[in-house]
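Topology and contacts: notes
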Amino acid sequence: MSSKRGLSSGMPPSGDADKIWNYLVVGLDVILAKSNEGLENTMYMNLYTAVYNFCTSLKSSMDDGAFYNSVDPSSLIHGTVYGRDLYNRLNKHITDYMKTIAERSSLHKGDDLLAFYNEEWVKYGDSAKLVHNIFSYLNRHWIQREHDEGNNVSDVNNLMLQLWRDKFFMSIRGTLLDSVFKLMQRVRDGQIADINMVKSVADSFVALGNDDIGTGSKKMEVYDKYFLRPFIEATVQYYSAESERLLQESTIREYMVRVSERIKEEDERAEVYLHESSLREFREALDKVLISKQRENLIAEFQPMLTALERNDLKLLYSLLRRLSESIGLAPLREIFSTHVKAAGLEAVKQVSGSEEAAGGQANEARVFVSALLGIYELYLGILHEAFAGDPGFSKSLDYACREFVNTNEICASGAGKASILLATYCDMVLKKGNTTTRAAGSEEASDEESLEKHLSQAVCLMRYLKDQDVFQKFYQKFMARRLVNGQSVSDHGEETMISKLKEVCSIDFTAKLTHMFTDVAVGREMTEQFKDGLDADYKLPFDFEMKVLHTVSWPLTAPDTELQLPTQLGSVVDLYNQFYQKKRDSCKLNWLWPHCKADIKMFFPKAKGATAKLGYQFQVSTYQLTILLLFNASSGPGTGYGSPIGPSLTVAQIVAATGIETDAVKSELEIFVKAHLLISSNKKIDNSSSFNLNPDYKSKRLRLNLAGIKKPEKKREVAETMKSVDVDRMANIQATIVRIMKARKKLGHRQLVEDTISQIKLFQAQVDDIKKAIDQLIEREYIERSEEDRAIYNYLA
């Protein structure tokens, strides 16, 4: 307190530099001793004024014994002489102070040394800032002038930090770091210690590496060289010993658990006391000693964990190996994961390929096939998210594996595009109402919207893996057309939902066609109502009906080559509708798709008894079947026995002539009627000479029967025709791609053209032979030509 009063009571004369310096020394000692208590304003201003007076002294005894008289205070010579003197005196005084601090530090060891160092460091740092401000006149004038002249002179704050480093820190750094390492070892051994002392020491190392306090040193050089490197070496040494001990005392999985805990602890502590710039280097060193050295043993555990579906262990292993570089950490796991998933998928399909469920027709085969695929996909998708945090690399591995086992498996070996056909069949099952296999596939009612959307989403997920997506699109469109035409969709919402999901993975052209198909059905209902409302009031339709007007470009349906000779009652209504449509759209022509039309017909049999005699039997039939059956109800015609109680007798040839249906189609329909016992055939094997009569003794427990189902031979023919259509579309796609490439490149070699064509076609896997065939066809059509200089080069012809 006496020193403070002495400083506040009076200022030394402004003309005597030595007395001014002695005054400043008293103030410096007070600041260095009690910087945390601060300074009174009067004392601060007196010291500041003293610095100013020193720099502007009239005379001073310098080291060379000469006296200098003051001239202009801003004089370069004056500022240089007195500024250097004051700077040197300050340097010497702080140096002496550092010696006393070093002597005091020798009395402390271990944690006491750390506490002493941190306390003195904090106090000294505050002192440096305060002294820097008091000597601001020196900083602004003499030091700034030195900087302008290119001299490397630190400002007062950095000078004091430099002296702390050079005169104190460098002499005790070995003992200081030894104390830090011992404290950290106790912490790692589970003992209680104050790691904040380590943080304070580390922060001082960072501060002492500032560019401005050294000569050419990098900012983090002191921290990196004197703290981080030894700290990492000590850490590696500690955990190398622990790693060896753990491997001797425990299994590799127990080692994983312990190492994970250790790494978590070290990461949390490192966030506290290490500088952020060094966290990565520290963690890499830690990972190397605890993980990288045991990498092969850890990777060897991955396959057993995967086989046993041990999600927690997989998650732990992933969290450890992801800390290493991609090539040595996760890359081997991803390869194992992909191989494992592929094998699991192939085995799952193999298990169901020979099962009784799969042998019940294409619908059942599609159901068990898709269920097997989804079981594997969803299982490992769950592991991907639960154990591997949705890692993009593992996601790609899963995609690759799924693409392999979805397209190449025991079921799909029976034919090209089989996976696509079965998936389209599965979607048809899900979206078709009244289908028991649909409910079995979903385990819930197909009309339930949540369940329906779930199955559709699953189907679209699998579709992403199809190599022949064009085959799926062809069959899906055909199945959708059949559902819409026959009114078999489980709901409009279901169809719209699927179209919406397909937009995410299919081309706009394809989904646009599906949308137009759906729209045509809705418009067709409206037009049917308009037709009925427009009929004369005194005219009554002989039967109820609904017309669907379908645009040719959107629907995968074709009109028959032969013209059907309609029964009179049906033909009259068709003529009325033709007239109605021509008035509404005179530029369009209707082509009737009779093979895709259906009707409900009620039949009464002469010998029926009880309820059936009164109610009759109701059959759902195709238009061809309806036309044939009505021949047996006519009072006259090409047959014989029209006066008979059981109706007329008709031959195959007579039916063909009366209906205009092809002979093979007539025989096919007659076979259905004979098998259903509706008709009696004169021959066991139907031929052109066979004659047929209505069965008067027909009986059935069911009053409603569907005779319009697609026959197996027709299904096989439909698949063959659809695949043929796919081949035609593929060739057109390949040709269009080649023309597009050649138009852009103008000139291209054969090999490069083939590679570019394959890479640009995403809808299917273009085959080299097909590309060669497409090139030859384009040459014939003069889209491209072979170069005269080199036959392996093609030129584009504009």
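See the structure above.
Residues numbered from 1 in each chain as written. Predicted model: local features only at pLDDT ≥ 70, side-chain atom pairs only at ≥ 80, totals over all residues. Heavy atoms only, no water.

1. Regarding the overall build of the protein
As a reminder of what qualifies: Counting from the N terminus, the helices are DSSP H or I runs at least four residues long and the strands are E runs at least two residues long. All radius of gyration figures rest on C-alpha atoms, and the globule criterion is 2.2 Å times the number of residues raised to 0.38. Accessibility here uses a 1.4 Å probe with only protein chains present; expressed as a share of the type maximum, an area under 20% marks a residue as buried, one over 50% as exposed, and anything in between as partly exposed. Residues count as neighbours in contact if any of their non-hydrogen atoms are within 4.5 Å of one another. Working definition of accessibility: Shrake-Rupley area with a 1.4 Å probe, residue cover restricted to the visible protein chains.
Along its length, the protein carries 31 helices and nine strands. Relative to the globule expectation of 28 Å for 798 residues, the C-alpha radius of gyration of the protein, 47 Å, shows a markedly less compact shape. Along the first, second and third principal axes, the C-alpha set of the protein runs to 155 × 70 × 65 Å. Considering the protein as a whole, with its 798 residues, one finds that 47% of them fall into the buried category. A fraction of 68% describes how many contacts in the protein between residues 6 or more apart in sequence connect residues 24 or more apart. Surface summary for the protein: the accessible area is close to 40,800 Å², and the carbon and sulfur share equals 49%.

2. Considerations on the sheet that holds strand 8 (residues 784–786)
For clarity, the cut-off: At least two DSSP bridges between two strands are required for those strands to pair. To obtain an axis, a line is fitted to C-alpha atoms, over the contacting stretch when the element is a helix, and the angle between two such axes runs from 0 to 180 degrees between their N-to-C directions.
The antiparallel open sheet is built from three strands, whose spatial order is 7-9-8. Because the sheet does not close on itself, it has two edges, and the strands there are strand 7 (747–749) and strand 8. Averaged over all neighbouring strand pairs, the angle between strand axes comes to 30 degrees, with direction disregarded. Summarising the sheet, strand 8 and strand 9 (residues 793–796) pair through three bridges and their orientation is antiparallel. Within the sheet, the bridge partner assigned to Arg786 lies in strand 9 and is Tyr794. Most of the contacts of helix 30 (residues 750–760) go to strand 7, to which it runs at about 95 degrees, and overall it touches strand 7 and strand 9. Along the sheet face, helix 31 (residues 768–780) touches strand 8 and strand 9 and points at about 100 degrees away from the line of strand 8.

3. Concerning the side chain of Asp470
Basically, it comes down to this: Throughout this description, a polar contact denotes any pair of N or O atoms lying within 3.5 Å of each other; where both atoms belong to protein, one of them has to be capable of donating a hydrogen while the other can accept it, and for residues adjacent in sequence the pair is counted only when both atoms sit in side chains.
Tracing the chain through its elements places Asp470 in helix 21 (residues 469–486). Given the relative accessible area of 8%, Asp470 is considered buried. Here the side chain of Asp470 touches Arg730 through a polar contact of 2.5 Å, side chain to side chain. With residues up to four places along the chain from it excluded, the contact list for Asp470 reads Val726, Arg730, Leu763 and Phe764.

4. Notes on the packing of helix 5 (residues 110–134) against helix 8 (residues 196–207)
As a reminder, the rule being used: Throughout this description, any angle smaller than 35 degrees is read as roughly parallel, any larger than 145 degrees as roughly antiparallel, any in the 65 to 115 degree range as roughly perpendicular, and the remainder as oblique. Should the near helix be turned counterclockwise from the far one by less than a right angle, the crossing is left-handed, whereas a clockwise turn marks it as right-handed. In the scheme used here, Gly and all other residues not listed as nonpolar or charged are polar, with Ala, Val, Leu, Ile, Met, Phe, Trp, Tyr, Cys and Pro taken as nonpolar and Asp, Glu, Lys and Arg as charged.
One can describe the packing of helix 5 onto helix 8 by two numbers: an axis separation of 10 Å at closest approach and a directional angle of 50 degrees. It follows that helix 5 is oblique to helix 8 by the angle criterion. Here the hand of the crossing between helix 5 and helix 8 comes out left-handed. Here Asp111, Leu114, Ala115, Tyr117, Asn118 and Trp121 of helix 5 lie close against helix 8, whose contacting residues are Met197, Ser200, Val201, Ser204 and Ala207. Here the residues of the contact of helix 5 with helix 8 sort into seven nonpolar, three polar and one charged.

5. Side note on the nonpolar core
This is how the line gets drawn: We call a set of buried Ala, Val, Leu, Ile, Met, Phe, Trp, Tyr and Cys residues a nonpolar core when their side-chain atoms join them within 4.5 Å.
Counting 173 residues, the largest nonpolar core has Tyr117, Phe135, Phe205, Phe227, Phe388, Tyr476 and Leu502 as its most contacted members. Considering every element that reaches this core, the biggest residue donor is helix 7 (residues 156–188), with 15 residues. Those residues in contact with Phe135 that sit more than four places away from it in its chain are Leu24, Leu28, Val51, Leu86, Leu90 and Val156.

6. Some remarks on the pattern of salt bridges
Keep this limit in mind: By definition, a salt bridge exists where a carboxyl oxygen of Asp or Glu is found within 4 Å of a side-chain nitrogen of Lys or Arg.
Under the criterion given, the structure shown has 46 salt bridges. Residues Asp203 and Lys199 are paired through a salt bridge, measuring 3.4 Å at the closest nitrogen-oxygen approach. Of this pair, Asp203 and Lys199 both sit in helix 8, four residues apart, which is roughly one turn of that helix. It is possible to trace a salt-bridge network through shared partners that takes in Glu242, Arg245, Glu249, Arg262 and Glu265.

7. Description of unusual backbone geometry
Backbone geometry places His677, a non-glycine residue, at a positive phi of 65 degrees. Inspection of the secondary structure puts His677 in the loop between helix 28 (663–675) and strand 4 (679–681). Residue His677 is classed as exposed on the basis of its relative accessible area, which comes to 52%.

8. Details of the sheet that holds strand 3 (residues 650–651)
Reading across the sheet, the three strands line up as 3-5-4 and stay open at both edges, with antiparallel pairing between neighbours. Strands at the two margins of the open sheet, each flanked by one partner only, are strand 3 and strand 4. Where strand 4 meets strand 5 (residues 691–694), three bridges bridge the pair, whose relative direction is antiparallel. In the strand pairing of strand 5, Ile680 is matched with Asn693. The sheet contacts of helix 28 involve strand 4 and strand 5, and relative to strand 4 the element is tilted by about 110 degrees.

9. Quick look at the packing of aromatic side chains
Quick note on the threshold: Stacked, edge-to-face and tilted labels apply to pairs of Phe, Tyr and Trp rings (six-membered ring for Trp) whose centres lie within 6.5 Å, assigned for plane angles under 30 degrees, over 60, and everything in between, in that order. The rule is short: NZ of Lys or CZ of Arg within 6 Å of the ring centre and within 35 degrees of the ring normal puts a charge over the ring.
Inspection of the entire model under this criterion finds 39 aromatic pairs. The interplanar angle of 35 degrees and the centroid separation of 4.9 Å between the aromatic rings of Tyr124 and Trp164 together place this pair among those described as tilted. One end of the pair, Tyr124, is in helix 5; the other, Trp164, is in helix 7, and 40 residues separate them in sequence. As far as the burial class goes, Tyr124 and Trp164 line up, both buried. Judged by centre distance (6.4 Å) and plane angle (45 degrees), the ring pair of Phe181 and Phe231 falls under tilted. Of the two residues, Phe181 is situated in helix 7 and Phe231 in helix 9 (residues 221–249); the sequence distance between them amounts to 50 residues. A relative accessible area of 21% means that Phe181 is categorised as partly exposed. Assessed through its relative accessible area of 1%, Phe231 is described here as buried. A connected cluster of aromatic rings, assembled from ring pairs, spans Phe169, Phe181, Phe205, Tyr223, Tyr226, Phe227, Phe231, Tyr273 and Phe282. Over the face of the ring belonging to Tyr238 we find Arg188, whose NZ or CZ atom lies 5.8 Å from the ring centre.

10. Points about helix 30
For clarity, the cut-off: The arc in question is traced by the directions running from the helix axis to the C-beta atoms.
Among all positions in helix 30, only Leu753, Val754, Asp756 and Thr757 are buried. Along helix 30, the residues classed as buried sweep out an arc of 165 degrees about the axis, all on the same side.

11. Points about the packing of helix 26 (residues 623–631) against helix 28
For the pair helix 26 and helix 28, the least separation of the axes is 10 Å and the interaxial angle reads 70 degrees. Considering their axes alone, helix 26 and helix 28 lie roughly perpendicular with respect to each other. Taking contact as the criterion, the partners of Tyr624, Gln625, Ile628 and Leu629 in helix 26 are, on helix 28, Glu669, Leu670, Ile672 and Phe673. Of the residues in the contact of helix 26 with helix 28, the class split is six nonpolar, one polar and one charged.

12. Overview of the pairing of strand 2 (residues 617–622)
Alignment of strand 1 (residues 598–603) against strand 2, held across six bridges, turns out to be antiparallel. Opposite Met603, over in strand 2, you have Tyr617 as the bridge partner. The pairing of strand 2 with strand 6 (residues 704–706) spans three bridges and is classified as parallel. Residue Phe619 lies in a different strand from strand 6, and its bridge partner there is Leu705.

13. Describing a negative patch on the surface
Here is the rule we go by: Here, patches come from residues exposed beyond 30% relative accessible area and free of salt bridges, joined within 9 Å for like charges and within 5 Å for nonpolar side chains (Val, Leu, Ile, Met, Phe, Trp, Tyr). Positive residues here are Lys and Arg, negative ones are Asp and Glu, while His and the chain termini are left out of the count. The location of each charge is read from NZ of Lys, CZ of Arg, CG of Asp or CD of Glu.
A contiguous patch of negative charge on the surface is contributed by Glu785, Glu788, Glu789 and Asp790. Following the sequence through the fold, Glu785 ends up in strand 8. A relative accessible area of 34% means that Glu785 is categorised as partly exposed.

14. Overview of the state of the cysteines
Here is the rule we go by: Two cysteine sulfur atoms make up a disulfide if the distance between them is within 2.5 Å.
All chains considered together, the criterion is met by zero disulfides. The cysteine Cys402 is free of any disulfide, with Cys461 supplying the nearest cysteine sulfur at 9.8 Å. The class for Cys402 is buried, based on a relative accessible area of 0%. In this structure Cys506 is not part of a disulfide, and its nearest cysteine sulfur, from Cys427, lies 10 Å away.

Purely geometric stuff here, so don't read any function into it on its own.
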